[in-house]
Amino acid sequence: MKYAAVSYRRAVLEKGYTDRLLKIDLSTPAITIEEIPEQTKSDYVGGRGYCLKLVYDGTNAATRYDSPENVLALSGGPFCGETSFVGTGKFIAGTISPLTNTFCDSNVGGHFFPLVKLSGFDAIAVTGKTDKKLMVVIDADAQEISIIDAPDGDVTIHGAEGLIEQWKGDGKAANVAFVTAGIGAHNTWFGCLNSVYYDSRRKRCRSKQAGRGGTGTVLTAKGMWGILVKCNISRGHANHPADHEKIYEAGHKLRDIIREVDPQAMRLNNQGTTSLIDMMNDNELLPVRNFQFGSNERAKAVSGNVFEKEVFTQNMPDGCYPGCNLSCTKGCESYVLKTGPFAGTQVGVDGPEYETAATATNLGIFDIDYMLEYSWYCDQYSLDTISAGVTMSFAYEAFERMLLTEKDTNGLKLCWGDARSALELLHRVAAGAPGFPKALGYGVRYMKQWIADRAALRLGRSRESILQELSQFAMETKGLEFSMYITRESLAQQGGYGFALKGPQHDESWLIAIDQLRKELPTFEDKAEALMWFPLFRTWFNIVGLCKLPWIDVRNPKAKDTPFPAKNLPTVDYYLDLVNGTLGTEKTLDDLLLESERCYMLQKLINLRQGFGTRPDDAIPLRAMAPVFIHEYLSRKNYYDTCLGDAAGVALDGATNEKRLVLLQEYRKSQYEKLTEVVYQEKGYDRHGIPTDEKLKRLGFDKPEFMEIVRAARKRVNERAAAAEHAAQETCAVN
Ligand code: SF4
């Protein structure tokens, strides 16, 4: 049934933009098309910038993920879909997250948004709610947009080919793509959004995920199956750049660098991001047993080499969008599922990516079949592999420490390394089974409370003391689960996670390789500068619709001759050619960073408006900084003693191991606090993490509505301080 439909005249792309916003209100339901104001374009550029603006304008401090007014915003950017350059299939999904209660965004590749842009839209904003299961169809060939009943059955990854066949009509399957979320997204708070497209080479559908923060959960909370786009307009030169030759040249140079460097460096072209498994394991950075350890000898069994030789099909280029020769979108063509509702079915598996594989090692599982099975089912159920995996490993450790029992877990024994129980748990979580699986589906922050409630009753201990114990190894900040790197040996990466506005996700600041492996950030000042510069430049990729990997993971050989090789500035020059060649401008790197900083500041202001965004929200768990328990310390005793003695100058003579562990923890905490002070200053915040008036003015946020947000945040901080002082005085009086 058709619930709403509009005919429209397709806006033609000009210099990367259509300047049109597609608005879907599911409550009415209604479809409207609006022109995007010039001011919005110059202030927020596209992608994450547009998502921030749409979410800021459409929501308020009381908005929660399932509020009707919550906006699920999708946007590419001016370079999204440019086939002459590298890494241009990306777009952003942004919304108020169920996990963090504030803005969260996630970037994702594939063909969906390039087709949406060709269809005439720079952004989509979905609001409202419905109790029907609906889908939106953007049919650019017929120039019609409609809201209709969702496809029959549970179509996500399974059933995707049939759906595309049904919609392609006389056109090509590769010109139909959709975003959707399945049953797991409905039953948890960490549901991802699948971006599904037809890969003509592999002759099957592939899927990429906007994984973080529950964007898929928001989609299903709105009662929506997804959005399908069909567009058979030719993609070549469709962005209509001002100077196509300039872009072509720059793209050509970057492809040459990739061809030269990648085979000798990360081998992303052959191994995808699984190449990181060896690199992380060799440097004590691979999460093992809920981030307790950074390596394991069994990791050899799941190395990038094994994936390259035995798992991934290698005889075809694997770019997630035309133009990218880094081609890291690897996959296994033939895997027979062993568990769950699709047991016995032969499927093609996309990935696994490094992050997904590392959730397995984090459960003590070093088994490729598990990684493939977990990866496929998470995509099918539409679960963020990271949040699901980290919440599971947190529960496993709580079980090991007897804070959780078989009675709590409905009879499941949670033992490290047991793939069978992990998959059984995954299926129960996705199905929303009552009790423990349902609680686990709400993420680590919620699980802490759930476990503390039960353990306090059972053990006769105070709930507060159990919460404190759990918080030391509960790997979340701001409500979002840590992505898959051991941070405790890299102060810069601790800051990269702690200060990230949406929570500990590496896409804002991935400094671990620069700091820990390459030792390119030796001083506090270096780290602070990196924690200012990298989040801004990485944000820029997200506002313009580009993949970061060709810049961050493929270092241009000429970069070594520059003052700060990690910035990879010779490659940044190619990006500047893309910018100016598309837009017909003369922008510099400083201009791009300023655009990013404006978007970054709007995100900070949303956090503050929602009641977060001050210093306590940037705190990270103890395990992110130091070993928590004695066995973790003993596993690298010599290394830690050297850290304390030589590097920190702490006297260790006669100190027991237990005392050394405490000294190490205190030292690492003090380093993080010191870093916080320096970075806040660099970012233009006061010591509470609130932007200063000067900073707001410089970025054009000194308008009354923004100043009011900041004023309220300062008031909250003062009230908190007064309450703490009052409590301290009362304690003194009692004593
Ligand atoms: S590097 Fe990989 S993820 Fe990025 S655009 Fe290319 S194929 Fe896609």
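Residues numbered from 1 in each chain as written. Predicted model: local features only at pLDDT ≥ 70, side-chain atom pairs only at ≥ 80, totals over all residues. Heavy atoms only, no water.

(A) Region of interest: the overall build of the protein. The secondary structure content of the protein amounts to 28 helices and 17 strands. Against the globule reference of 27 Å for 735 residues, the protein gives a C-alpha radius of gyration of 25 Å, in line with a compact fold. Along the three orthogonal principal directions, the C-alpha set of the protein runs to about 80 × 60 × 55 Å. Going through the 735 residues of the protein one by one, you find that 64% of them count as buried. (Helix = DSSP H or I, 4+ residues; strand = E, 2+ residues; numbered from the N terminus. Rg over C-alpha atoms; globule rule 2.2 N^0.38 Å. Buried < 20%, exposed > 50% of the residue type's maximum accessible area, 1.4 Å probe, protein only.)

(B) Broad picture of the sheet that holds strand β4 (residues 72-75). Across the sheet, 6 strands lie side by side as β3-β2-β7-β4-β5-β6; this open sheet has mixed pairing. In this open sheet, the two strands that pair with only one neighbour each are β3 (30-35) and β6 (103-108). Strand-to-strand twist in this sheet, taken as the mean axis angle between neighbours without regard to direction, amounts to 15°. Pairing of strand β2 (residues 20-25) with strand β7 (residues 123-127) involves 5 bridges; the strand directions are parallel. (Pairing = 2+ DSSP bridges. Axes fitted to C-alpha atoms, helices over the stretch in contact; angles between N-to-C directions.)

(C) Region of interest: the domain arrangement of the protein. Annotation of the protein at the domain level lists domain 1 (2-230), domain 2 (264-451) and domain 3 (491-725). Using only C-alpha atoms to locate each centre, domain 1 and domain 3 end up separated by 30 Å. Listed as interface residues are 41 residues of domain 1 and, on the opposing side, 34 residues of domain 3. Summed over both partners, the interface of domain 1 with domain 3 comes to about 3300 Å²; 60% of that surface belongs to carbon and sulfur atoms. Of all residues in domain 1, Arg 48, Tyr 56 and Phe 79 bury the most surface against domain 3, accounting for 26% of the area lost on that side. Where domain 1 touches domain 3, the interface holds 2 salt bridges. Put simply, Arg 598 and Asp 43 hold a salt bridge, and the shortest N to O gap is 3.7 Å. Run the count over domain 1 and domain 3 and you get 14 residue pairs in polar contact (both at pLDDT 80 or more). Looking at the side of domain 1 that touches domain 3, the elements with two or more residues in it are α1 (38-44), α2 (47-58), β5 (91-96) and β6. Sorting elements by how many residues they give to the side of domain 1 that touches domain 3 places α2 first, with 7 residues. Residue classes in the side of domain 1 that touches domain 3 are distributed as 16 nonpolar, 16 polar and 9 charged. (Domains from an automatic or database assignment. Contact = heavy atoms within 4.5 Å. Buried area = accessible area lost by both parts, 1.4 Å probe. Salt bridge = Lys/Arg side-chain N within 4 Å of Asp/Glu carboxyl O. Polar contact = N/O pair within 3.5 Å; in protein donor to acceptor, adjacent residues only side chain to side chain. Nonpolar A, V, L, I, M, F, W, Y, C, P; charged D, E, K, R; others polar.)

(D) Focus on the side chain of Asn 281. Here Asn 281 is to be found in helix α9 (residues 275-282). Ignoring any residue separated from it by four or fewer positions in sequence, one finds Asn 281 in contact with Leu 286, Gly 294, Ser 295, Asn 296 and Ala 299.

(E) Just unusual backbone geometry, in detail. Here the bond from Thr 28 into Pro 29 is cis, since omega is -15°, no more than 30 degrees from zero. On the secondary structure map, Pro 29 appears in the loop between β2 and β3. The step from Gly 351 to Pro 352 runs through a cis peptide bond, and the omega angle for that step is 10°. Its location among the elements puts Pro 352 in the loop between β15 (346-350) and α11 (354-361).

(F) A look at the packing of aromatic side chains. Following the criterion strictly, the structure yields 44 aromatic pairs and no others. Between Phe 537 and Trp 551, the ring centres sit 4.9 Å apart and the planes meet at 85°, which makes this aromatic pair edge-to-face. Here the residue Phe 537 occupies a position in helix α20 (residues 524-544), and Trp 551 occupies one in helix α21 (residues 549-552), the gap between them amounting to 14 residues. The class of Phe 537 is buried, set by a relative accessible area of 0%. A relative accessible area of 1% places Trp 551 in the buried class. An aromatic cluster of at least three residues, connected via ring pairs, comprises Phe 79, Phe 85, Trp 533, Phe 534, Phe 537, Trp 540, Phe 541, Trp 551, Phe 564 and Tyr 575. For Lys 41, the ring lying beneath its charged end belongs to Tyr 17, and the centroid distance is 4.3 Å. (Phe/Tyr/Trp six-rings, centres within 6.5 Å; stacked < 30°, edge-to-face > 60°. Lys NZ or Arg CZ within 6 Å of the ring centre and 35° of its normal.)

(G) Examining the packing of α11 against helix α13 (residues 385-400) more closely. Orientation of α11 relative to α13, taken along the N-to-C sense of each, is 10°, at an axis distance of 9 Å. Comparing their axes, α13 and α11 come out roughly parallel. Residues Glu 355, Thr 356 and Thr 359 of α11 pack against Thr 385, Ile 386 and Gly 389 of α13. Residues that form the contact of α11 with α13 fall into these classes: 1 nonpolar, 4 polar and 1 charged. (Parallel < 35°, antiparallel > 145°, perpendicular 65-115°, else oblique.)

(H) Spatial organisation of α2. With 12 residues, α2 extends 17 Å from end C-alpha to end C-alpha; this agrees with the ideal 16 Å at 1.5 Å per step. Most of α2 is tucked away, with 9 of its 12 residues classed as buried. Listing the buried residues of α2 in full gives Gly 47, Arg 48, Gly 49, Tyr 50, Cys 51, Leu 52, Leu 54, Val 55 and Tyr 56. (Expected span 1.5 Å × (residues − 1).)

(I) Up close: the pairing of strand β9 (residues 144-149). Pairing of strand β1 (residues 2-7) with β9, which is carried by 5 bridges, proceeds in the antiparallel orientation. Across the sheet, residue Lys 2 finds its bridge partner in β9, namely Ile 148. Where strand β8 (residues 134-139) meets β9, 6 bridges bridge the pair, whose relative direction is antiparallel. Pairing of Val 136 across the sheet is with Ile 147, part of β9. In this antiparallel pair of consecutive strands, β8 and β9, the connection spans 4 residues, and Gln 143 shows a positive phi of 50°.

(J) Representation of the pattern of salt bridges within the structure. Using the criterion set out here, one finds 51 salt bridges in the structure. Between Lys 527 and Asp 515 there is a salt bridge, with its nearest N and O atoms 3.0 Å apart. A residue pair is termed long-range when its members are at least 10 positions apart, and Lys 527 in helix α20 and Asp 515 in helix α19 (residues 512-517) qualify at 12 residues. Residues participating in the shared-partner salt-bridge network are Asp 199, Arg 202, Arg 204, Arg 206, Asp 318, Lys 330, Glu 333 and Asp 350.

(K) Region of the structure containing the site of the ligand. Around the ligand lies a shell formed by Gly 87, Lys 90, Gly 319, Cys 320, Cys 324, Leu 326, Ser 327, Cys 328, Thr 329 and Cys 547. Along the lines of polarity and charge, the residues of the shell around the ligand split into 5 nonpolar, 4 polar and 1 charged. (Near = heavy atom within 4 Å.)

(L) Structural detail: the sheet that holds β9. Sheet architecture is open: 7 strands sit in the order β1-β9-β8-β13-β10-β11-β12, paired in mixed fashion. Edge positions in the sheet fall to β1 and β12 (204-210), since each of these pairs with one other strand and no more. The sheet shows a mean angle of 15° between the axes of neighbouring strands, taken without regard to direction. Sitting on the sheet, helix α4 (residues 160-168) touches β8, β9, β10 (176-180), β11 (193-199), β12 and β13 (224-230), and the angle it makes with β10 is about 130°.

(M) Highlighting the nonpolar core. Among the nonpolar cores identified, the biggest contains 198 residues, and Tyr 370, Phe 534 and Trp 540 are the most heavily contacted of them. Counting residues per element, this core draws most heavily on α20, at 13 residues. Apart from residues lying up to four places away in sequence, Trp 540 is in contact with Phe 79, Leu 546, Tyr 575, Val 579, Leu 592, Glu 595 and Ser 596. Core analysis: the next-biggest nonpolar cluster, separate from the first, contains 43 residues, Leu 74, Val 108, Phe 113 and Ile 147 among them. (Core = buried A, V, L, I, M, F, W, Y, C linked by side-chain atoms within 4.5 Å.)

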